[in-house]
Amino acid sequence: MNAPVRAGHQVRSLDWRDAGELHRIESFVSEQRASLFHSPAWLCAVEAGTGQRGAGLVAERLGVVTGWLPLTEVRSALFGKALVSSGFGVGGGICAETPEAARALASTAEALAARGGFGGIELRGGPIPEGWDCWDDKHCGFERPLADSDEAELLAIPRKARAEVRKGLALGHRVTIGRGVDDLAAHYACYSESVRNLGTPVFPKRLFRAMLEAFANTSDILTVWDGRTPLASVLSFYHNGAVMPFWGGGVLAARATRANERMYYELMLHARRQGMTRFDFGRSK
């Protein structure tokens, strides 16, 4: 596909086989300080881990990238087909240098959805194209600065929650941080039990393995252990100065042992030592 549009911009589909092209888009995403979910690596990991195909539209002018729209072709037996930016993420949407490039990407995305039989397009961030519906009352995001010392971090936690963290610390459970096979197994045991207890479908382990491989230098797993038994574990990403605890959970015993509270406190300390300045709690309905 190659569609000429106004202001000299051209929009085309990303060639996923071209390593140089992928590098150009990754560089553009970095220069624009866009979200983790704009990265082509995110889309590739989603496809490798779930089978939901990655797509994307590139806007160019005179051979220079001026915009990028990451897309996941989500196919569901329950909800049908949709283009989502970005699938399995909490961000995405149009990333463009100018309003003209943004309009070009939106127009081409609409045509792509119509030709492919997709029921709609969902943008999880970025500028809102003219004429598109917008909902801003479904989720709230939570983020705060990290403190400059371990003790200050503890004192920054509200009093009642801080008391729970202290109880967890007093139990002296082992904490590990890594990316190996054992880390992934411990994480999946905690995550899958937690999600099942909530009545929510469990994502496949291969999704988390694909994410660790795609973000080899900016992701890890922190786990709280009782002996050889994992109590709570979280897979986090580090992006644009923020730590993002993205997939985590705890087994039933984590409640009595305050393992979840200990886990997040330890992650705050670890993130600061990695040079992060913010803790992104994610979003919630």
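Structural notes, computed from the coordinates. Please read all numbers here as calculations on a predicted model, not as lab measurements. (Residues numbered from 1 in each chain as written. Predicted model: local features only at pLDDT ≥ 70, side-chain atom pairs only at ≥ 80, totals over all residues. Heavy atoms only, no water.)

### Re the nonpolar core
Threshold: Among buried residues, those of type Ala, Val, Leu, Ile, Met, Phe, Trp, Tyr and Cys that are joined through side-chain atoms within 4.5 Å constitute a nonpolar core. The cut-offs for exposure are 20% and 50% of the maximum accessible area for each residue type, with area from a 1.4 Å probe on protein chains only; residues under the lower value are buried, those over the upper are exposed, and the others partly exposed. Where helices and strands are cited, they refer to DSSP runs of H or I of at least four residues and of E of at least two residues respectively, numbered from the N terminus. For this analysis, residues touch if any pair of their heavy atoms sits within 4.5 Å.
Of all hydrophobic cores here, the largest spans 33 residues; its most connected members are Trp42, Trp68, Phe208, Met211, Phe237 and Trp247. When contributions to this core are tallied by element, the ones reaching two or more residues are α1 (19–31), α2 (40–50), β4 (64–76), α6 (181–197), α7 (205–214), β11 (229–239) and β12 (242–250). When sequence neighbours within four positions are dropped, the list of residues in contact with Phe208 reads Leu184, His187, Tyr188, Tyr191, Phe203, Leu235 and Trp247.

### Structural notes on the pattern of salt bridges
The test is simple: Think of a salt bridge as a Lys or Arg side-chain nitrogen and an Asp or Glu carboxyl oxygen that are within 4 Å of each other.
Counted under the stated rule, the structure contains 16 salt bridges. Between Arg103 and Glu100 there is a salt bridge, and its shortest N-O distance comes to 3.7 Å. Residue Arg103 and its partner Glu100 are located together in helix α3 (residues 99–116), separated by three residues, close to a single helical turn. Looking at Arg103, the relative accessible area reads 39%, which means it is partly exposed. In this structure, the salt-bridge partner of Arg273 is Asp150, at a minimum N-O distance of 2.8 Å. Taken together, the positions of Arg273 in helix α9 (residues 259–273) and Asp150 in helix α4 (residues 150–156) put the pair 123 residues apart, joining distant regions of the chain. With relative accessibility at 51%, the residue Arg273 sits in the exposed group. A single network of salt bridges, built from pairs that share partners, joins Arg12, Glu21, Arg24 and Glu60.

### Brief notes about the packing of aromatic side chains
So the rule is basically this: Pairs were defined over the aromatic rings of Phe, Tyr and Trp, the Trp ring being its six-membered one, requiring ring centres within 6.5 Å. Orientation was assigned from the angle between planes: stacked under 30 degrees, edge-to-face over 60, tilted for the rest.
Counted under the stated rule, the structure contains 16 aromatic pairs. Each ring, one from Phe37 and one from Phe246, has its centre 5.5 Å from the other, and the planes form 40 degrees; the classification is tilted. Placement of Phe37 in the loop between α1 and α2 and of Phe246 in strand β12 is noted, with a sequence separation of 209 residues between them. In this structure, Phe37 and Phe246 share a single accessibility class: buried. Ring centres of Trp42 and Phe237 lie 5.6 Å apart, and the angle between their planes is 65 degrees; this geometry places the pair in the edge-to-face category. Pair noted here: Trp42 is in helix α2 and Phe237 is in strand β11, with a separation of 195 residues, a long-range link. As far as burial versus exposure is concerned, Trp42 and Phe237 are alike and both buried.

### Focus on α9
This is how the line gets drawn: By this rule the span expected of a helix is its residue count minus one, scaled by 1.5 Å.
Counted at 1.5 Å a residue, the expected span for α9 with its 15 residues is 21 Å, and the 21 Å between its end C-alpha atoms agrees. All buried positions along α9 are accounted for by Ala259, Arg262, Met263, Tyr265, Glu266, Leu267, Met268, Leu269, His270 and Ala271. Just downstream of α9, Gly275 is the residue with a positive phi angle, here 95 degrees.

### Some words on the environment of Thr218
Position of Thr218 among the secondary structure elements: in the loop between α7 and β10 (219–226). The exposure class assigned to Thr218 is partly exposed, which follows from its relative accessible area of 29%. Each C-alpha atom, one on Thr218 and one on Phe237, is 5.7 Å from the other, the two residues being 19 residues apart in sequence.

### Details of the side chain of His173
Locating His173 in the fold gives a position in the loop between α5 (159–170) and β9 (174–178). Given a relative accessible area of 13%, His173 falls into the buried group. Excluding residues that lie within four positions of it along the chain, His173 makes contacts with Val224, Trp225, Asp226, Leu231, Thr257 and Arg262.

### Digging into unusual backbone geometry
Here the residue pair Ser85 and Ser86 is connected by a cis peptide bond, since its omega of 5 degrees sits within 30 degrees of zero. Checked against the element boundaries, Ser86 lands in the loop between β5 (80–85) and β6 (95–96). Residue Phe88 is not a glycine yet carries a positive backbone phi of 65 degrees. Mapped onto the fold, Phe88 is located in the loop between β5 and β6. Look at Phe88 and you get partly exposed, because its relative accessible area is 23%. Phi at Arg258 is positive, roughly 55 degrees, even though this residue is not glycine. Positionally, Arg258 belongs in the loop between α8 (253–257) and α9.

Everything listed here is a matter of geometry and, on its own, says nothing about what the molecule does.
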